[in-house]
Amino acid sequence: MEKLIVRGGASLRGTVKVSGAKNAVLPIIAASLLSECACTLQDIPNLADVASICRVIEKLGARVCRGDKEINISVPDLKQVEAPYEYVRLMRASFLVMGPLLARAGRAVMPLPGGCAIGTRPIDLHLKGFKALGAKIIYGHGCIEAVAERLKGSQIYLDFPSVGATENLIMAASLARGATVIENAAEEPEIVDLVNFLNAMGARIKGAGTKIIRVEGVPRLSGTVHTVIPDRIEAGTFLTAVAITGGDVLVDNVICDHLKPVTAKLREAGVRVEENENSIRVSSDSELQPVDIKTMPYPGFPTDMQAQLMAVLCLARGTSMITETVFENRFMHANELKRMGARIKIEGRTAVVQGVPRLTGAPVKATDLRAGAALVLAGLAAEGRTEIGNIFHIDRGYDRLEEKLRGLGADIQRSAVVS
Ligand SMILES: CC(=O)N[C@H]1[C@@H](OP(=O)(O)OP(=O)(O)OC[C@H]2O[C@@H](n3ccc(=O)[nH]c3=O)[C@H](O)[C@@H]2O)O[C@H](CO)[C@@H](O)[C@@H]1O
Ligand SMILES: C=C(OP(=O)(O)O)C(=O)O
C-alpha cells in the first residue's frame, strides 16, 4: 500500500501541462468496440482507469496496442459479450461497454456495478433507454443481460441528465435502425468529445452539448484517429492548488470555456485568473473570501471539483456553504479535512465550511478520487506533514499528480508502506 507524504508551506510557481480527460477517454475507448476497423486515440492520460477499461475491452476481443500517450484499438471480432466482473467492480465506467456490445453483437451481459463511496449510483436510466431502443432486459446471478436482434431508434426522455446514460444510449443508437432522440441529455464537454469521435467514425449524431441529441443510426462505423480533450477536472485541481497555497502558475492545455464555472468561483474567492487561448494563469497572494457553491450538471459547477473547492474554502475568511445536488453522499472528505483542523458541519446535502486561519498536517485517507485530491491540496497548505492513504483512488484519475506538483515546487513524495 503506497501513501503520499506532503510537507506543506511552499507556494506553487511555474507551468504545468494538463493531460487528456479521463471522463472523455473512458467512453471513447468503450465506443471503439462499435467498429471492426482500427482506431487511434491520442493524448491518452496514464491512469489506472484507462488500464482497467483496456483490460475490459481486451477480454471482449479488442486488440489494444499502447504507446506513450497513444492507443491503437481494433476489434475485428467480439470474442464474448460478458463484461468481466473483476474490472467492472473496480471501475463504474466499464458499464459503458454495454451500449456498444448491445449495438454490435445484439447481446450484452454486465455484472451489476453496485454503489460506491459517493452514492448508490443506479443504472435505471441506462436500462430504460435500452428498453426504449427495443432491448429485452433480464436480471439474474448478479448480472443484467440485454438482448435485441437489432436496436430500433426511439424517443428517450432522461429523468436526470445522466452523463453515463447519455453516452451509453448515444453509442447504442449509433448502430440502431432509424432515428433516436434523447431528451434532457447531459451536456458535458466529454459527451461532445465522444460524439466528435463517433461522427469521425461515420456516425450521424447532432446536438451534442445541448439537451436534445439526435442520432440517425447507420449500418456500420469505420476507424478514425482522435485526440482526446484536455481534462477540465485535472486543470481545475491545479487552479485550486494555487488558490490554497498562493503563488503564480500557468496551467497549460486547457479549454477555458469548460472551466467557466470553476474560474468564476475562484475569482469570487479573490484568486486572480487570466484566461489565454489554451492556458490559464492563476495567481494568489491575499486572503481568500468565502463563496457559496451548488454542484449541478454542466454547465453548472462540477461535482468532481466540489471536494477540491471545499479544501480551499477551509482557509477562507468567513463561512461558505457547499450544496451537493448530483451525488447523495459526496462529503466523505469533510471528516478527513476535519482531522487537519478544518471546521465543517454537514447539514443534509449542504456542508457549512467555517474558514480557519490554518490547517495542520495529519494522517488521512482518500475516500474517493476527488476526496484524495482535496487532501493533497489541504496537505500542500497545512503546517507540517500530511500522510495520505488509499491513494489508489487518486491514481484512478490523475496522471502523475505528485510529479506535476513537484515541478511547481511542492514537497510531495510517494512512499511504499508495509501493511
Ligand atoms: C466516467 C465518468 O464520466 N464519470 C463522471 C460521470 O459519472 P456518471 O456517468 O456515473 O454520472 P451520472 O451523470 O450518470 O450520475 C449523476 C446522478 O444521476 C444518478 N443516476 C445516474 C444514472 C442512472 O441510471 N440513474 C441515476 O439515478 C446518479 O446516481 C447520480 O446521482 O458523471 C458524473 C457527474 O458529472 C461525474 O461525477 C463522474 O466523474
Ligand atoms: C466520480 C468520478 O469518476 P467515476 O465516475 O469514474 O467514479 C470522478 O472522476 O470524480
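The numbering scheme is per chain: residues are counted from 1 as the chain's sequence reads. The order in which chains are written sets their letters, starting at A; the order in which ligands are written sets their numbers, starting at 1. Given that the model is predicted, a residue must reach a pLDDT of at least 70 before its local features are reported, and side-chain atom pairs must reach 80 or more before they are shown or counted; all residues, however, enter totals for whole chains, interfaces and linings. To get the side-chain values, all heavy atoms of the structure are used, and hydrogens and water are removed first.

S.K.: Explanation requested: the site of ligand 2 in the structure shown.
M.R.: Neighbouring ligand 2 are the residues Lys22, Asn23, Ile118, Arg121, Asp304, Arg330, Leu369, Arg370 and Arg396. Any pair of N or O atoms that falls within 3.5 Å is considered a polar contact. Within protein, one atom must be able to donate a hydrogen and the other to accept it, and sequence-neighbouring residues count only if both atoms are side-chain atoms. A distance of 2.7 Å separates an oxygen atom of ligand 2 from a polar side-chain atom of Arg121. A distance of 2.6 Å separates an oxygen atom of ligand 2 from a polar atom in the side chain of Arg396. Per-residue and other accessible areas were derived by the Shrake-Rupley procedure at a 1.4 Å probe size, with only the shown protein chains allowed to occlude residues. For ligand 2, whose unbound accessible area comes to 300 Å², protein coverage reaches 88%. Going through the elements one at a time, α1 (22-31) and α12 (369-381) are the ones with two or more residues in the shell around ligand 2. Just so you know the grouping, Ala, Val, Leu, Ile, Met, Phe, Trp, Tyr, Cys and Pro go in nonpolar, Asp, Glu, Lys and Arg go in charged, and all remaining residues, Gly too, go in polar. Partitioning the shell around ligand 2 into residue classes produces 2 nonpolar, 1 polar and 6 charged. An automatic or database domain assignment supplies the start and end points of every domain. Looking at which domains feed residues into the shell around ligand 2, each of domain 1 (2-19 + 230-416) and domain 2 (22-227) supplies at least three. Proximity is defined per residue: any heavy atom of the residue falling within 4 Å of a molecule or strand makes that residue near it. Helix and strand labels come from DSSP, where a helix needs a run of H or I of at least four residues and a strand needs a run of E of at least two; each type is numbered from the N terminus.

S.K.: I would appreciate a short explanation of the state of the cysteines in the present structure.
M.R.: Joining two cysteines, a disulfide is a covalent bond between their sulfur atoms. In this description, the term disulfide denotes a pair of cysteine sulfurs within 2.5 Å. In the structure shown here, the tally under the stated rule is 0 disulfides. No disulfide involves Cys37; its sulfur sits 7.7 Å from that of Cys39, the nearest cysteine.

S.K.: Honestly, the UniProt feature "binding site: phosphoenolpyruvate" (unreviewed entry) in the protein in this entry has me stumped. Any pointers?
M.R.: UniProt positions are given in the numbering used here, feature names are shortened, and annotations may be inferred rather than shown by experiment. In this numbering, the UniProt entry assigns the feature "binding site: phosphoenolpyruvate" (unreviewed entry) to Lys22 and Asn23. Looking at the element boundaries, Lys22 is found in helix α1. Residue Lys22 is classed as buried on the basis of its relative accessible area of 7%. If near-sequence neighbours (up to four positions away) are discounted, Lys22 is found in contact with Pro27, Pro45, Leu47, Asp49, Asp231, Leu369, Arg370, Arg396 and Gly397. Polar contacts involving the side chain of Lys22 include one to the side chain of Asn23, which spans 2.6 Å. Relative to the assigned elements, Asn23 resides in helix α1. To sort residues, take the accessible area from a 1.4 Å probe on protein chains only and compare it with the maximum for the residue type: under 20% means buried, over 50% means exposed, and anything in between is partly exposed. Residue Asn23 is classed as partly exposed on the basis of its relative accessible area, which comes to 27%. For Asn23, the contacting residues outside a window of four places in its chain are Glu167, Glu190 and Asp304. Any pair of residues with heavy atoms lying within 4.5 Å of one another is described as a contacting pair.

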